[in-house]
Amino acid sequence: MQLTEAFLKYQLAWPHMHYFLSALCLVAAVYKLTFILLKRKALLKSFEAFPGPPAHVLFGNVLEFKQDGTDFIKVLKWAESYPYAFPMWFGPSICILNIHHPDYVKTILASTEPKDDFAYKFIESWIGNGLLVSKDQKWFRHRRLLTPGFHYDVLKPYVKLMSDSAKTMLDKWERYANSKESFELFEHVSLMTLDSIMKCAFSCNSNCQTEGGTNAYIKAVYELTNLINLRVRMFPYHSDLIFHLSPHGFRYRKAYKVAQSHTDEVIKKRKEVLKQETELSRIQAKRYLDFLDILLFARDENQQGLSDEDLRAEVDTFMFEGHDTTSSGISFILYCLACHPEHQKLCRDEICEALQGKDTMEWEDLNKIPYTTMCIKESLRLYPPVPGISRQITKPITFFDGRTLPAGSHIGVSMFATHRNATVWENPDVFDPLRFLPENVSKRSPHAFVPFSAGPRNCIGQTFAINELKVVTALTLKRYELIEDPDNKPKIIPRLVLRSLNGIHIKIKPVEPEM
């Protein structure tokens, strides 16, 4: 009887509870809407000195980007209409000042301001709080601990390993050279740079270039970068809860598990190998030191090393940055040289003279190819592997023209637009390696060309990357003539790294031996 009465009371109370929950949801929605409107009002005031393209009140400028290969054209048009900088809106309450002039770039990159808490927040959920996204004392400490890993004594042995990985890829290309068919090279280069980073940084022979099928880690990286880009563009996905419950959130978690298992396996294997070793000098007596050795033995002034969480974050960061950005850079360099046979020939002649019949690159050869290096830099200007970065300022900032932004503002540095700024570069869309002759470089601001960022938070691995770009370009040109495929022009799209919607296609044929 008592149970029946209690049930009846519950049934009678439920409609009231339903109304209460509905009212609570309404209050929460009104509160959130009010917060967004107040934030938008504050942002409009902060950015009032910077005119920009009209933005939808809800979607911002996101709907302007069609993801069809024309987005960068639109950005360049905006950059032409709004000199130095313009605001871009990602939803109703996220605004980033997009800067594209060296004098503005210098102001932000010369500082130690941290990466922003918008786009990089989504990246952090994948690669952790490593050197790419960390800030303040943690960033300073990790930068100091990791710097020995990029000393030239550590980098020297990598050149032969890079050469070996490149030769494996070039051997696979023989069938394309014989058939003269067009092929997509980004996938091949991605496998090669992953093979290279595994050998160089982690002393691991992955065999990923010779295994059949698609590499699971590379597939996961593609998926993660695409989904992070989607989160940035879609305002509802800025909410962790909404993204987590969505089909895209499910795909993200699935790809994340693949990437993390790859990293965990690399660390686990190395820890097993190093169980009996306590000093780097003893390891170095047996073999060359790699990046992971230095990470595991790194100690600060208090003799404290990296925690397991920090170690994984740095391995994830270098695994991604060390293979995905270089694969983008190499792919576009080979594409540029395929489109410009006159420069390709000059590079090949220089490379053959430098190598003197060798089929591999050595450390001493890297500085013997100045014209090829200029071509590499010109390709990085036109197609920067990282097309943009962003910072969140912790104090008010004043630019050289007197315009200011308050603390807390988001600032994006568009490498792509800066590198094609017509007020800095004459005929900016033309491939002209002579821009990088020393006498021409001296006439420009050093912040006109920043493919690896600049200042205190520049890319710690840029020497590693440049070395690999030189090695792969040289060995490819020594062996093959690259030919443009006019029917398959790349449709470049912004991701975490620069990619092409339809891939990057070229044709090749064997280089005729010199008589």
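Residues numbered from 1 in each chain as written. Predicted model: local features only at pLDDT ≥ 70, side-chain atom pairs only at ≥ 80, totals over all residues. Heavy atoms only, no water.

A. Highlighting the packing of aromatic side chains. Counted under the stated rule, the structure contains 30 aromatic pairs. Ring plane angle 75° and centroid distance 5.9 Å describe the contact between Trp78 and Phe86, whose orientation is recorded as edge-to-face. Accessibility assignment for this pair places Trp78 and Phe86 in one class, buried. With a centroid separation of 5.7 Å and 75° between ring planes, the pair formed by Phe243 and Tyr252 is classed as edge-to-face. (Phe/Tyr/Trp six-rings, centres within 6.5 Å; stacked < 30°, edge-to-face > 60°. Buried < 20%, exposed > 50% of the residue type's maximum accessible area, 1.4 Å probe, protein only.)

B. Focus on the nonpolar core. Counting residues in hydrophobic clusters, the biggest one holds 149 residues, and the most contacted among them are Trp126, Trp173 and Phe202. A per-element tally of this core places helix H15 (residues 308-339) first, with 14 residues. Ignoring sequence-local partners within four residues, the contact set of Trp173 consists of Phe183, Leu185, His188, Leu334, Thr476, Tyr480 and Ile508. (Core = buried A, V, L, I, M, F, W, Y, C linked by side-chain atoms within 4.5 Å. Helix = DSSP H or I, 4+ residues; strand = E, 2+ residues; numbered from the N terminus. Contact = heavy atoms within 4.5 Å.)

C. Local environment of the packing of H15 against helix H16 (residues 341-355). Put simply, H15 and H16 touch, their axes get as near as 5 Å, and they point 110° apart. The angle between H15 and H16 places the two elements in the roughly perpendicular class. Between H15, through Leu337, Ala338 and Cys339, and H16, the contact on the second element is made entirely by Pro341, His343, Gln344 and Cys347. (Axes fitted to C-alpha atoms, helices over the stretch in contact; angles between N-to-C directions. Parallel < 35°, antiparallel > 145°, perpendicular 65-115°, else oblique.)

D. Spatial organisation of the UniProt feature "binding site: heme" (unreviewed entry) in the protein chain. Under the local residue numbering, the UniProt record ascribes the feature "binding site: heme" (unreviewed entry) to Cys459. In this structure, Cys459 sits in the loop between helix H19 (438-441) and helix H20 (462-479). (UniProt positions renumbered as here; feature names shortened; annotations may be inferred.)

E. Representation of helix H4 (residues 119-127) within the structure. For H4, the complete set of buried residues consists of Ala119, Tyr120, Phe122, Ile123, Trp126 and Ile127. Along H4, the residues classed as buried sweep out an arc of 155° about the axis, all on the same side. In this fold, the buried residues of H4 make contact with helix H10 (216-233), helix H12 (247-273), H15 and strand E4 (388-392). (Arc of directions from axis to C-beta.)

F. The arrangement of the side chain of Asp116 in detail. For Asp116, the position within the fold is in the loop between helix H3 (102-109) and H4. Lys115 provides the closest opposite charge to the buried, salt-bridge-free Asp116, at an N-O distance of 9.0 Å. Separated by 2.5 Å, the side chains of Asp116 and Ser390 make a polar contact. Excluding residues within four positions of it along the chain, Asp116 makes contact with Ile96, Lys121, Ser390, Arg391, Gln392 and His410. (Lys, Arg positive; Asp, Glu negative; His and termini not counted. Salt bridge = Lys/Arg side-chain N within 4 Å of Asp/Glu carboxyl O. Polar contact = N/O pair within 3.5 Å; in protein donor to acceptor, adjacent residues only side chain to side chain.)

G. Just the sheet that holds strand E7 (residues 410-414), in detail. Here we have four strands laid out as an open sheet, ordered E1-E2-E7-E4, and mixed in their pairing. Here the strands that pair on one side only, and so sit at the sheet edges, are strand E1 (85-89) and E4. For this sheet, the mean angle separating the axes of adjacent strands, direction not counted, is 30°. In the sheet, E4 pairs with E7 via five bridges, with the strands oriented antiparallel. (Pairing = 2+ DSSP bridges.)

H. Spotlight on the pairing of strand E11 (residues 505-510). Relative to E11, strand E3 (residues 183-184) is paired through two bridges, and the arrangement is antiparallel. Following the sheet pairing, Phe183 is matched in E11 by Ile506. Note: strand E8 (residues 480-484) against E11, five bridges, orientation antiparallel. Each bridged residue has a counterpart across the sheet, and for Glu481 the counterpart in E11 is Lys509.

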